[in-house]
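# An overview of the molecular structure
One letter stands for each residue in the lines below.
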Amino acid sequence: MARRLIKRLMPDHRVIREHRHLQWLGRFLHDPDLWHLNRRSVAGACFVGLFCAFIPVPFQMVLAAVAAVAVRVNLPISVVLVWVTNPLTMGPIFFFAYKIGTWVMGAPVHMALENASPMTWLTGELQAIWRPFLLGSLICGSVSGLLGALLMRLGWRLHVIQRWKERRRRRLHRAPAD
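The rules behind the values
Residues numbered from 1 in each chain as written. Predicted model: local features only at pLDDT ≥ 70, side-chain atom pairs only at ≥ 80, totals over all residues. Heavy atoms only, no water. Axes fitted to C-alpha atoms, helices over the stretch in contact; angles between N-to-C directions. Helix = DSSP H or I, 4+ residues; strand = E, 2+ residues; numbered from the N terminus. Parallel < 35°, antiparallel > 145°, perpendicular 65-115°, else oblique. Contact = heavy atoms within 4.5 Å. Nonpolar A, V, L, I, M, F, W, Y, C, P; charged D, E, K, R; others polar. Buried < 20%, exposed > 50% of the residue type's maximum accessible area, 1.4 Å probe, protein only. Left-handed = near helix turned anticlockwise from the far one by under 90°. Expected span 1.5 Å × (residues − 1). Polar contact = N/O pair within 3.5 Å; in protein donor to acceptor, adjacent residues only side chain to side chain.

On to the packing of helix α6 (residues 90-105) against helix α8 (residues 126-174). Where α6 contacts α8, the axes come no closer than 6 Å and their chain directions differ by 105 degrees. Relative to α8, α6 is oriented roughly perpendicular. Of the residues in α8, those in contact with F94, F96, A97, Y98, I100, G101, T102, V104 and M105 of α6 are I129, R131, P132, F133, L135, G136, S137, I139 and C140. Taken together, the residues of the contact of α6 with α8 break down into 13 nonpolar, four polar and one charged.

Rendered as structure tokens:
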């Protein structure tokens, strides 16, 4: 069921291959592993997408697409998961990553300026915070990517076991009584 839902929501791979902004990837988009919906490909896509979501750079979707092509995992899922960090969630997520970085480094937390938005604070204090911010982003990206991949593998496995049990139960009910 989950596979059918994902397949229905995913865009057609031919449309993506012919998209003008992705033409620079050329022949790499013709790799069938980029479009498969299997446990390995989807779990890998979860890792790539969630890891790239925490990397504080513009054009995270391009980074996720290149990484998905490089490691040959599901491209659309990798790109979609980058939107975990969107304009609404970016401030709190990156501040959390910064706090993780300061905790690991043992550095003090620079608090927000009076009446300053998170982005104003970020750009104003970048000189002092970039090391713990980057470290925290890498840690959060790695942890969330690993957790996402493991949970996807576990969920996929549980789904397969459930389907096996259903099939077995149906076979037992259909078997003629001796």
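This part covers the environment of V104. Note on placement: V104 falls in helix α6. Owing to a relative accessible area of 43%, V104 belongs among the partly exposed residues under this scheme. What V104 contacts, discounting residues up to four positions off in sequence, is L135 and I139.

What follows covers the packing of helix α3 (residues 39-53) against α8. With their axes 7 Å apart at the nearest point, α3 and α8 run at an angle of 160 degrees to one another. When the axes of α3 and α8 are compared, the pair comes out roughly antiparallel. Between α3 and α8 lies a crossing whose hand is right-handed. Where α3 approaches α8, its residues R39, R40, V42, A43, C46, F47, L50 and F51 are matched on the opposing element by L138, G141, S142, S144, G145, L146, G148, A149, M152, R153, W156 and R157. For the contact of α3 with α8, a count of residues per class yields 11 nonpolar, five polar and four charged.

Phi angles above zero are rare outside glycine, and F59 is one such case at about 60 degrees. A relative accessible area of 68% places F59 in the exposed class.

A few words now on α3. Here α3 spans 21 Å end to end across 15 residues, near enough to the 21 Å set by a 1.5 Å rise per residue. Across the 15 residues of α3, 11 count as buried, placing the element largely inside the fold. Buried within α3 we find S41, V42, A43, G44, A45, C46, V48, G49, L50, C52 and A53. The inward-facing, buried residues of α3 abut α4 (60-71), α5 (75-81), α6 and α8.

Turning to the environment of L147, a few remarks are in order. By the secondary structure assignment, L147 is in helix α8. Put simply, L147 and A43 are 104 residues apart on the chain and 9.8 Å apart in space, counted from C-alpha to C-alpha.

Secondary-structure assignment places S41 in helix α3. Within the structure, S41 has its side chain in polar contact with the backbone nitrogen of N74 (distance 2.9 Å). In this structure S41 touches D33, H36, V73 and N74, once residues within four positions along its chain are discounted.

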